[in-house]
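# Residue-level structural notes
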Amino acid sequence: MLNLGHRNMAQTSKPSAIIVGTGPGGLASALLLAHSGVEVTMFEKESKVGGRTKLVHQDGFTFDRGPTFFHYPEVIEEIFQAIGLDAHKELGLMPLDPMYRLVFGAGGHIDATSDLEEMTERIRELAGDKNANGFKNYVTQNRKKLNLSKQCLQTPWSSPRDILTKRAIRVATVLKPWSSVAGDLGKHFDDERVRLAMSFQTKYLGMSPFHAPSLFTILAFLEYEHGIFHAKGGLGSITARMGEIAQDMGVKIHCDTPVKSLIYEGKTVTGVRIEGKEVMADKVVVNADFAHAMTTLVPNEKRKKWSNKKLEKKGYSCSTFMLYLGVDKQYDLPHHQIFASSQYEKNLEEITNHRLTWDDPSVYVQNASITDDSLAPEGHSTVYVLVPVPNTHDSIVWDDIKADYRDLIIKQLAKLGYDDIEDHIVSESIVTPDDWGASDIYRGAVFNLTHDLKQMLWRRPHNRFEEANNLYIVGGGTHPGSGLPTIFESARISSKLLLADLGIRADWNGVDSWFQDVRRPKVKPRNHVPAKASKGASGDGHAA
């Protein structure tokens, strides 16, 4: 039972921060801040940590609620290095090869691999020499694009003036803001199946490759360059482990404790209200769906740029229709499979225009039990099914159609080798966009604000929130965007800003605790007691 009363954390000997929400971004922030000498308290409305990145237990089966794989581990590796730990050892990351199988409605399939020479030959076999050579050029171009854009993605953007910085000028040599992902890939590949293999990853942003800026050709490249990973026990085990480490470092995590509102003194956020109580702190970090958090935690009169009226007009990602199936057999099929509709472009257009695809929809399926036998009873399997669909809209009433749509998707699974799955389902649950919306996700848009040029960089909600003092944002709704690697990056950016605003120069075990080419704010250093690092950490939690 939590009984904080009117507690003023800001009066303790250490600087203090409250984190609202315990998703992956909030947990990463907690690790970095606690290691740097900040007293951290987290409030979570659910019964366990993780946000959408957590495990669901159902009739003896274990499913990931949301994301099912990990890619581009560099960011989380550096966050764990900063606190003196090894991410791969702590999180049980297992590389997958093949990464996934792409089955094309237009004919053929390809098993994607991070072995670049082997992938080149598989493309040659599928689509000929021209596309194989195009893949080599694609890899070279995107390796350069990532190297030049990385600093922009790892640095906060606060105004259009940032376009004139060295980091922006460097990346301008490879960016084509007038071009889409699909348009850029057309220069490398004349086979639509290969273009699809290099572009479906824009769905991680909830966008169509025909609308996503050409920068995001790097998404597929990150997979081919660095591979993708499964976490033993399900991807949700990652956030559970991060929560344990945070508590070992002294972070106080209060589950089943929803925050009712932020506390303001003028334009300055000074704490949060929980169940009629007030908890004060030096800084507040919000790790929640951005639009939902703004419309429920912050009075509308405190927001001009992000008012309720303006939020309604913003662009939001697609949603997902989910099936979590427990089956009484095992399938000798790849861990991940994607069926790409024979009418893929039409499928994407329908989603964008709030129309539901009934004719050959694209489907993603995870057969995690082929890799991880801890997720289902012996001889059984978990089958996780995700279908990209429009976010919530008055024209789609899911309670009226979800049973019929479920039947359609079950039939689609035969195209991925699950011919008899209907006869073997022993446990089943369905999640629709309306369900996502009811779980505090604005419009059920699970990938948050879209990532078009109107909602990127300084036009996205700032990491150091621009409409309040002492308030920081982490998660898919801020820079650099949605997807686990970028959510972790948002946590690192916001943590650097928060620590600098407290006058703390943190020792992150060789990892930069500030940004290149950005002036550190001049703040008088505070005297405080440094935090102890987690048990087994090589760092000492020192913040000078």
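Going by the structure above, here's the rest.
The paragraphs below set out a description of the structure included in this document.

Definitions and limits used
- Residues numbered from 1 in each chain as written.
- Predicted model: local features only at pLDDT ≥ 70, side-chain atom pairs only at ≥ 80, totals over all residues.
- Heavy atoms only, no water.
- Phe/Tyr/Trp six-rings, centres within 6.5 Å; stacked < 30°, edge-to-face > 60°.
- Helix = DSSP H or I, 4+ residues; strand = E, 2+ residues; numbered from the N terminus.
- Buried < 20%, exposed > 50% of the residue type's maximum accessible area, 1.4 Å probe, protein only.
- Patch = residues over 30% accessible without salt bridge, like charges linked within 9 Å, V, L, I, M, F, W, Y side chains within 5 Å.
- Areas by Shrake-Rupley, 256 points an atom, 1.4 Å probe, with all protein chains shown as cover.
- Salt bridge = Lys/Arg side-chain N within 4 Å of Asp/Glu carboxyl O.
- Lys, Arg positive; Asp, Glu negative; His and termini not counted.
- Charge placed at Lys NZ, Arg CZ, Asp CG, Glu CD.
- Pairing = 2+ DSSP bridges.
- Axes fitted to C-alpha atoms, helices over the stretch in contact; angles between N-to-C directions.
- Contact = heavy atoms within 4.5 Å.
- 1 Å grid on protein atoms, 1.4 Å probe; cavity = no way out; pocket = protein on both sides within 12 Å on 5 of 7 lines; lining within 4 Å.
- Points joined across faces, edges and corners; volume = space filled by probe spheres on them.
- Nonpolar A, V, L, I, M, F, W, Y, C, P; charged D, E, K, R; others polar.

## Describing the packing of aromatic side chains
For any pair of aromatic rings, the description consists of the separation of the ring centres together with the inter-plane angle of the planes. Summed over all chains, the structure comprises 21 aromatic pairs. Between F290 and W306 the ring centres are 5.3 Å apart and the planes differ by 80°, which places this aromatic pair in the edge-to-face class. On the criterion of sequence distance, the pair formed by F290 in helix α11 (residues 290-297) and W306 in the loop between α11 and α12 (308-313) is long-range, its members being 16 residues apart. For the pair formed by F290 and W306, the shared burial category is buried. Centre to centre, the rings of Y324 and Y384 are 5.7 Å apart; their planes meet at 80°, and the pair counts as edge-to-face.

## Details of a negative patch on the surface
Together, D399, D400, D434 and D435 give the surface a local cluster of negative charge. When residues of the negative patch are traced back to their parent elements, those giving at least two are α14 (398-412) and α15 (433-438). Along the polypeptide, D434 turns up in helix α15.

## What about the sheet that holds strand β11 (residues 252-254)?
An order of β11-β3-β2-β15-β21 is seen for the 5 strands of this open sheet, with the pairing classed as parallel. Where the open sheet ends on each side, the last strands, each with one partner, are β11 and β21 (471-473). Pairwise comparison of adjacent strand axes, ignoring direction, gives a mean angle of 20° for this sheet. Both strand β2 (residues 16-20) and strand β15 (residues 283-286) contribute to a ladder of 4 bridges, which runs parallel. Paired with I19 across the two strands is V285, which belongs to β15.

## Overview of the environment of P258
In this structure, P258 sits in the loop between β11 and β12 (261-265). Owing to a relative accessible area of 27%, P258 belongs among the partly exposed residues under this scheme. Taking the C-alpha atoms as reference points, P258 and V139, 119 residues apart in sequence, are found 45 Å from one another. Leave out the neighbours within four places in its chain, and P258 touches E44, K45, R273 and I274.

## Observations concerning unusual backbone geometry
For the bond running from D97 to P98, omega is 5°, close enough to zero to count as cis. Mapped onto the fold, P98 is located in the loop between β7 (93-95) and β8 (100-104). Residue H479 is joined to P480 through a cis peptide bond whose omega torsion reads 5°. Structurally, P480 can be placed in the loop between β21 and α16 (484-501). Positive phi, normally seen in glycine, also occurs at N448, with a value near 75°. One can find N448 in the loop between α15 and β21.

## Focus on empty space enclosed by the protein
Under the counting rule described, the total for this entry stands at 3 cavities of 30 Å³ or more. Size it by volume and the largest cavity reaches roughly 280 Å³. Along the walls of the largest cavity sit 22 residues, with L153, L219, L222, P485 and T486 positioned nearest its centre. Broken down by secondary-structure element, the contributors of at least two residues to the lining of the largest cavity are α5 (129-153), α9 (218-226) and α16. Ranked by residues supplied to the lining of the largest cavity, first place goes to α16 with 4 residues. Tallied by class, residues from the lining of the largest cavity come to 13 nonpolar, 7 polar and 2 charged. By volume, the second largest cavity is sized at about 50 Å³. Lining the second largest cavity we find L153, F216, H451, M456, L457, R460, H479 and P480. Split by residue class, the lining of the second largest cavity holds 5 nonpolar, 2 polar and 1 charged.

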